[in-house]
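Chain residues, written in single-letter form:
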Amino acid sequence: GAVVSQHPSWVICKSGTSVKIECRSLDFQATTMFWYRQFPKQSLMLMATSNEGSKATYEQGVEKDKFLINHASLTLSTLTVTSAHPEDSSFYICSARVGQAPTEAFFGQGTRLTVV
Amino acid sequence: AQSVTQLGSHVSVSEGALVLLRCNYSSSVPPYLFWYVQYPNQGLQLLLKYTSAATLVKGINGFEAEFKKSETSFHLTKPSAHMSDAAEYFCAVSSDTGRRALTFGSGTRLQVQP
C-alpha cells in the first residue's frame, strides 16, 4: 500500500515554543490530508482537513491560530503547534487520502509531542 | 452525521481462542467501514474495509468482519488468537459524501493470555 511518512516521531519542547510536524506521502499524491490528535488510551479525534492549495478546515473546538496547517504541495502537509503548552502534549497522527474516495486513507506513524 | 460505538474497552482472550471485537455504527448514508490496529506509539494499520461489495470481508493476519445492515454492526473476528494480536483496535466509519474523514470508535484493547 501507499506510504505516509510523518516526522519527527517524537519531540520534546519547552513551553511557549513552536513545533512543526511534517506529513509526506511518499509514493502518491495526496489531494487531502487529515490531522488527528490522540490522548492516552483514547481514540483519534479529527482536528482538521487540509486540501492542497487551500485553507484547512478545522473541526469545532480546534484553535486554528494555535494549530497551523499548511498543505503547500500534493505530497506535503505540515502541522505547527504554536506557543505550545503542556496541555498540547499528545500523539498527533496524519492521514493522507488518494483522490476523493473515502476508501483509501493511509496513516503516518504518528508524532509524540511532549511539552515541558 | 456518523458515529461508531465499540463495545468493551478491554477484551482478554487466551492464545488460540476466538477473538470477537464489537462495532456498531450509525450513518445517515451508506457507510464505508474500517478496522485498524495500533501498536504502542505507532500509527494505524488497516486490517480490512467494507466498501459495499461483499458483506463478509477478509483482512490481513487472519481477521475478518461481517457487515450486517439490519444490526448496524461490523464486528471483527479471528478464529484463533495469537500473542502478536495484542494491540489496540479501532473501528471507523466514513461516507461518500461530506468531509469523508474517518470517524473512529473509542477503541478496544485486546490482551492475549498465554
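Residues numbered from 1 in each chain as written. Chains lettered and ligands numbered in written order. Predicted model: local features only at pLDDT ≥ 70, side-chain atom pairs only at ≥ 80, totals over all residues. Heavy atoms only, no water.

## Examining the pairing of strand β1 (residues 4–7) of chain A
In the case of a regular strand, side chains alternate between the two sheet surfaces. All names here are of chain A. Here β1 shows one buried face, formed by Val4 and Gln6, and one open face, formed by Ser5 and His7. Pairing between β1 and strand β3 (residues 19–25): four bridges, direction antiparallel. Among the inter-strand pairings, Gln6 is bridged to a residue of β3, identified as Cys23. (Buried < 20%, exposed > 50% of the residue type's maximum accessible area, 1.4 Å probe, protein only. Helix = DSSP H or I, 4+ residues; strand = E, 2+ residues; numbered from the N terminus. Pairing = 2+ DSSP bridges.)

## Section: the nonpolar core
Among soluble globular proteins, nonpolar side chains are generally buried collectively. If you look at the biggest cluster of nonpolar residues, it comprises 26 residues, and the most contacted ones within it are Trp35, Leu47, Leu48, Phe74, Leu76 and Tyr89 of chain B. Elements that contribute at least two residues to this core include exactly β2 (10–14), β3 (19–27), β4 (31–38), β5 (44–50), β7 (64–68), β8 (73–78), β9 (87–95) and β11 (108–113) of chain B. Grouped together as the second largest cluster of nonpolar side chains are 24 residues, Phe28, Ala96, Phe106 and Val115 of chain A included. (Core = buried A, V, L, I, M, F, W, Y, C linked by side-chain atoms within 4.5 Å.)

## A short note on the interface of chain B and chain A
Counting residues at the interface gives 21 residues for chain B and 20 residues for chain A. In total, chain B and chain A occlude about 1700 Å² of area from one another, counting both sides; carbon and sulfur atoms represent 54% of this. At the junction of chain B and chain A, the tally comes to zero salt bridges. The interface formed by chain B and chain A includes four residue pairs in polar contact (both at pLDDT 80 or more). Mapped by element, the contributors of at least two residues to the side of chain B that touches chain A are β4, β5 and β9 of chain B. Here the side of chain B that touches chain A takes four residues from β4 of chain B, the largest share from any one element. When grouped by side-chain class, the residues that make up the side of chain B that touches chain A number eight nonpolar, nine polar and four charged. (Contact = heavy atoms within 4.5 Å. Buried area = accessible area lost by both parts, 1.4 Å probe. Salt bridge = Lys/Arg side-chain N within 4 Å of Asp/Glu carboxyl O. Polar contact = N/O pair within 3.5 Å; in protein donor to acceptor, adjacent residues only side chain to side chain. Nonpolar A, V, L, I, M, F, W, Y, C, P; charged D, E, K, R; others polar.)

Any functional reading would require information that these geometric values do not contain.
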